[in-house]
Every structure is written in C-alpha cells, then in structure tokens.
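One-letter residues, chain by chain:
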Amino acid sequence: MLTQLVRPLLAVGLLVTALLFASPSLAVEPVVDTAPTYEDLIARLDALPSSLEAVARYDAAVARAEQARALPNPSIAYDRENVYGTGPYNGIGNAETTLSINQPLELFGQRSARVQAARSDADAAGLRREQVRWQVAAQVALVYAEAEAAARRHELAAEALSLTEQDARGVAAMVEQGREATLRDIQAQSEVASARAAVDEASALRDAAFARLSAIALLDRPVQAIGASLLDRAPGTPQAGDADPLAVQVAQAELVTAGRLVTVERRRARPDVNASLGMRRYRDTGDEAFTVGIELTVPLFDRNRGGIRAAYAEERAAEARLIAQQQEARAGRFAAVAALAASGSRTRAADNGVAAAEEAYRLSRIGFEAGRISQLELRSTRAALIASRNAAVDARIARVLAEIDLARLEGRAPFGESK
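Reading the values: the criteria
Residues numbered from 1 in each chain as written. Predicted model: local features only at pLDDT ≥ 70, side-chain atom pairs only at ≥ 80, totals over all residues. Heavy atoms only, no water. Core = buried A, V, L, I, M, F, W, Y, C linked by side-chain atoms within 4.5 Å. Buried < 20%, exposed > 50% of the residue type's maximum accessible area, 1.4 Å probe, protein only. Helix = DSSP H or I, 4+ residues; strand = E, 2+ residues; numbered from the N terminus. Contact = heavy atoms within 4.5 Å. 1 Å grid on protein atoms, 1.4 Å probe; cavity = no way out; pocket = protein on both sides within 12 Å on 5 of 7 lines; lining within 4 Å. Points joined across faces, edges and corners; volume = space filled by probe spheres on them. Phe/Tyr/Trp six-rings, centres within 6.5 Å; stacked < 30°, edge-to-face > 60°. Lys NZ or Arg CZ within 6 Å of the ring centre and 35° of its normal. Pairing = 2+ DSSP bridges. Axes fitted to C-alpha atoms, helices over the stretch in contact; angles between N-to-C directions. Polar contact = N/O pair within 3.5 Å; in protein donor to acceptor, adjacent residues only side chain to side chain.

Caption draft 1: Region of interest: the nonpolar core. Of all hydrophobic cores here, the largest spans 36 residues; its most connected members are Tyr38, Val140 and Leu213. Where this core is concerned, the elements lending two or more residues are α2 (38-43), α4 (110-176), α5 (182-216) and α8 (375-410). In terms of residue count, the dominant contributor to this core is α4 (14 residues). If we ignore the near neighbours within four places in the chain, the residues touching Val140 are Leu41, Ile42, Leu45, Leu48 and Ile216. Of all hydrophobic cores here, the second largest spans 17 residues; its members include Ala157, Leu161, Ala168 and Val192.

Caption draft 2: Focus on empty space enclosed by the protein. Overall, the coordinates contain 2 cavities of 30 Å³ or more when judged by the stated rule. What the largest cavity holds in volume is close to 40 Å³. Forming the boundary of the largest cavity are Thr164, Asp167, Ala168, Val171, Ala188, Glu191, Gln375, Leu378, Arg379 and Arg382. Sorting the residues of the lining of the largest cavity by element identifies α4, α5 and α8 as the ones contributing at least two each.

Caption draft 3: Examining the packing of aromatic side chains more closely. Applying the stated criterion to the full structure yields 2 aromatic pairs. Both rings, one in Tyr38 and one in Phe415, keep their centres 6.5 Å apart while their planes meet at 85 degrees; by these two values the pair is edge-to-face. Of this pair, Tyr38 sits in helix α2 while Phe415 sits in the segment after α8, and the two are 377 residues apart along the sequence. Note on accessibility: Tyr38 and Phe415 belong to one class, buried. Lying over the aromatic face of Tyr58, Arg129 brings its terminal NZ or CZ to 4.2 Å of the ring centre. Lying over the aromatic face of Trp134, Arg133 brings its terminal NZ or CZ to 5.2 Å of the ring centre.

Caption draft 4: Region of interest: the sheet that holds strand β3 (residues 273-282). Across the sheet, which stays open at both edges, the 4 strands sit in the order β1-β2-β3-β4 with antiparallel pairing between neighbours. Edge strands, defined here as strands with exactly one partner in the open sheet, are β1 (75-81) and β4 (288-296). Between one strand axis and the next, the sheet turns by 20 degrees as a mean value, whatever way the strands run. In terms of strand pairing, β1 meets strand β2 (residues 96-105) through 7 bridges, oriented antiparallel. Of the residues in β2, the one forming a bridge with Ser75 is Asn102.

Caption draft 5: Molecular detail of the side chain of Arg396. When you line up the elements, Arg396 lands in helix α8. On the basis of relative accessible area, Arg396 is assigned to the buried category, the value being 11%. In this structure the side chain of Arg396 is engaged in a polar contact, spanning 2.9 Å, whose partner is the side chain of Asp232. Beyond its immediate stretch of four places on either side in the chain, Arg396 contacts Arg152, Leu231, Asp232, Thr347 and Asp351.

Structure representation (structure tokens):
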C-alpha cells in the first residue's frame, strides 16, 4: 500500500521539476548585475577620487587666500642692559630692564599684493576644479560607451558563430547528398572554429571593459550587463561657442595670477619696516620710561632681482600657454563639430548598410539552400553582414568620442546640458 502511494508522488515530483527547468517562465533565472545608468554615474561625479582631489585642491587654495589676509604676528622682547660689568655696573644692581613689543609693518603695498595673488590662485583653482569635473564626466562616458560596445561585439560574435554553424550544417547536408565536395565541409568547420575563437576573444574584452566600468564607478563588483544604451543616444545641437572654453579660462586665470606674483616679488624688494614700543625701568633710581623705535632694512645686497626675473619668466610662460590654449581650443572645437556631424552621417550609413547586408544574406541563404548559389557566395554575404554590424558599432563609438570632445570644450557632461 505504501509503495502504491509513494510512486505517484514521486512521479508528480519529477514532473514538476521537469516543468520548472523546461519552462522559461517558471525557471529560476540567474541574477545579472546591471550597470547603473549613465545619468546615475554622472550624478556620482562628486564622489569619484579625481573630483575629490580637485575639490581638496580648491579648498587648499581658498584657505591660502584666507591666510594671506592675516597680519604678521608681533614679537615680545625682554632686555637687561648694564649688567655684570665693572665698577658700578658689577652685578645687576644698576641694570636697566626693557620690555618691548615689535610689530612688522607691511608697507609699500606688500600685503595687498600678497592677498591679490592668493585670490587669483584660488580663482584659478576653482576653474581647474570645474575642468576636472567635466574631464571625469568625459572619462565616465567613454568607459560606459566602451563597455556597451564590447557587450555588443560579444553579441555580434555569438550571432556570427550561430550563423556560421547554421551554414556549416547546410554544407554538411549538401556534402552528404553529393552536391558539394568534402573540402567544403572542412572549410565550413574551420570557419566555425574561427568564429568560436572570436566569441572567446570578445567575451574576454567584454569582461575587461565591464571591470573598468566598475572600477571608475566605484562599484562593489564587476557589472555583467548594460542597462540604458548610450551608443544609440543622439547628441544634441552644438552650442554657439561664444564663451571661452574652460581650458582657456584656466589659462587666463593662471596668467592673471602670474602677473600678480610679479607684483609680489617686486614688493619684496622694498624695505621691511618694524615698529617697536616698550617700557624701560632704571634699577638704581626706580624710574620708568617708554621706548619707541623703528627698524628699517636696507636693500643693499639683496634686491630680489632673481625672484623678479623668475616671476616675469613665469608670466611669459603663462602668456604662451594662453595663446596655445586659445588656438588649440579653436581648432579642437572646429574638429569636434565636424567630427560630430560626420559621425552622424556615418551612423546612418552604417545602419543602412546593415539593413542591406541582412537582406543580401537572407536572399543568398535561400539561394544556397535551393542550390543556385555556391558556398563561397554565401560565405561572402555572411562576412559582409558581420562586417556591417561591427561597422555600425564603430560608427556609434566615433559619435560618442566626438560628443565627448565637444562637451569637454563646452564645459559640460557628454549628452547633457552645460552648467
């Protein structure tokens, strides 16, 4: 009786297990770590190490500008005169004691020059912070696009393997029927082996690209898939380009800072002035009196000529960098706009080429099965289809690169609005 009950239950259990593994809707699918969207990664820019470093450098420059406003500290001096001498000055009985306070006076514009130079350096650091932010955004966009392109190339390689295997099976059937020579079967199997190796290579490149994306985004583990596409996103219209690019603004701020450092070095050549105020006490009479003094350095030997020449040389270097940056930005923007327009045309042409190659392969497949087209013609159309699909991916990568270059010049995130 027990055996009669156990057998139906066991059969039911096996049936349910088979259904779970056979039905796609009931089977347990493995969890795939999908990468965050491009917008989510851009929203995390401030938490990335390069951005944190730029912010820290800006904070340091601001702190130096605040410190430049501080007045020099006074000094306290304690003197005892006429001690341990001869005659009436033997010992300390007739000593004169002086307690004084000395305060450096930053005259001749020394303090204002120092403060203005520190402020200019802080302004340049602020522009460099923004520049680094958009450079990091460009890097994120590039790594994201490369990871998506690597995933697509892996899919294309797997599809090419499937097509090659399908064609190889057709060739094998025709060889068995005596319609093709055995050599054609050997050639088809060689193509399958080559396509399988291409899949393995594409898989390795995809995993490496996913690892780089995980590293730059500070993810806990490598992603395994790309969610929202960046390659298929069309860039916006280029801006008018009236404002100077950030790189030019940084060079201009550095030139202003270099000019103010020249003023600082020139002011250092002027005399240093110290004022002192003290109280003197006479031991023998017990009387007290104030002491007032002014100390002035004489720029006889050190006139800071080397420092002034060095500051002027730094200013000339900054001016040369500004001119070079202006020319580079002008040429870079022209090239980026042209490349963006060309990449759009290239993408549309590549998509049209894919559609034509797919239709050509479909027709050649029908003709091959009907015996009207040879294996060589089928192989040629299949190779053209694979090449056209990869060319479409390359065209989209080129479009992303052009958008990245233009966004870097315009001071914004790629595929985003300017800030």
